[in-house]
Amino acid sequence: MECTPAIASLAEMITNQLKDGRRVWYIGDEVTGAKDAAELYPTYGINTWGSIIAGGEAALTHAIQDAEKYPEAGWAQLQEAGIGKGDVVVGIGTNPYVLGALEASEANGVDTGHITCAPYEGAPDTRLMVSCDVGEEVLPGSRKEAATGLMLTTLSTTVMATGLRRVKDNKMVYMPVDGKNAKLLGRAIRMLEQFTGPIQNRAYAEQLLIKHGSVGKVLEFKSSSQKGSDQSPSE
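Just so you know, these numbers come straight off a predicted model, no measurement behind them.

Engineer: Go over the packing of aromatic side chains with me, naming the residues and quoting the values.
Structural biologist: The full count for this structure, using the stated rule, is 1 aromatic pair. The ring of Tyr-174 has Arg-166 sitting right over it, with the charged end atom 4.0 Å from the ring centre.

Engineer: Tell me what's going on with the pairing of strand S4 (residues 111–116), and back it up with residues and numbers.
Structural biologist: Burial within S4 is extensive, with 5 of its 6 residues counted as buried. Alignment of strand S3 (residues 88–92) against S4, held across 5 bridges, turns out to be parallel. Bridged to Val-88 within S4 is Asp-111. In the classification by handedness, the crossover that spans S3, the intervening helix H4 (residues 96–107) and the parallel S4 is right-handed. As paired elements, S4 and strand S5 (residues 128–131) share 4 bridges and run parallel to each other. Residue pairing for S5: Gly-113 is matched across the bridge by Leu-128.

Engineer: So what's going on with the side chain of Gln-17? Which residues, and what values?
Structural biologist: Tracing the sequence through the fold places Gln-17 in helix H1 (residues 4–19). Note on Gln-17: relative accessible area 14%, which makes it buried. Setting aside anything within four residues of it in sequence, one finds Gln-17 in contact with Arg-22, Gly-86, Val-88 and Asp-111.

Engineer: Quick rundown of the sheet that holds S5? Include the residues and the values.
Structural biologist: Read from one edge of the open sheet, 5 strands run S2-S1-S3-S4-S5, paired in parallel fashion. Looking at which strands have only one partner, the edges of the open sheet turn out to be strand S2 (49–53) and S5. Averaged over all pairs of adjacent strands, the angle between their axes in this sheet comes to 20°, without regard to strand direction. Where strand S1 (residues 24–28) and S3 come together, 5 bridges link them in parallel fashion. For Ile-27, the partnering residue across the bridge sits in S3 and is Gly-91. With respect to the sheet, H1 is in contact with S1, S2, S3, S4 and S5, its orientation differing from that of S5 by roughly 140°.

The rules behind the values
- Residues numbered from 1 in each chain as written.
- Predicted model: local features only at pLDDT ≥ 70, side-chain atom pairs only at ≥ 80, totals over all residues.
- Heavy atoms only, no water.
- Phe/Tyr/Trp six-rings, centres within 6.5 Å; stacked < 30°, edge-to-face > 60°.
- Lys NZ or Arg CZ within 6 Å of the ring centre and 35° of its normal.
- Buried < 20%, exposed > 50% of the residue type's maximum accessible area, 1.4 Å probe, protein only.
- Helix = DSSP H or I, 4+ residues; strand = E, 2+ residues; numbered from the N terminus.
- Pairing = 2+ DSSP bridges.
- Right-handed = clockwise from strand over helix to strand, strands pointing away.
- Contact = heavy atoms within 4.5 Å.
- Axes fitted to C-alpha atoms, helices over the stretch in contact; angles between N-to-C directions.

Nothing here speaks to function; it is all geometry.
Listed below in structure tokens is the structure:
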């Protein structure tokens, strides 16, 4: 993908802001951003990456006519969602709704990235641009939607795996675990065994997972804790 270096630069900025306790916001007029953001908590345990869509939540289930034509609407929605200085807004597309939100964000000291599938001129130097030319399309928008989804997935995966290190040995070790979903708990036990060896005391391992919330947190605990009242989950 020719836009990979630009994605890497945007991923680095997002990583730094997330490490500082900030939030990331996708904003666009399609559900692509919402889909990507929605997967980040159940996959990586990150809940500081949200999405804003033209027309609001209703637009997730049905079309809101002309919602993308209002440049002031996006910033208003971001404010309502609680955007703060130091957050990152990633615009998707080049319609007035997205451009207005990016310009207002920049005017209010918010860092911005911009993902497009068409050349776009006029962006300030401070805006990190990611532009991928998809060429001619048989059906208008068909390749752009697929390309946009791929760029967003590449961006978020880079941040999670390389930036925040939410992946260990290609395993999503920070997938949230609780006692309500037996299937996820069983998957977490099997994943934990790959790092600790065979688990003899399954009930205790389950308690640890529920207490700490993920395999990654259990491994952190196991690595940093001294001898104490807790046993190793493999015991």
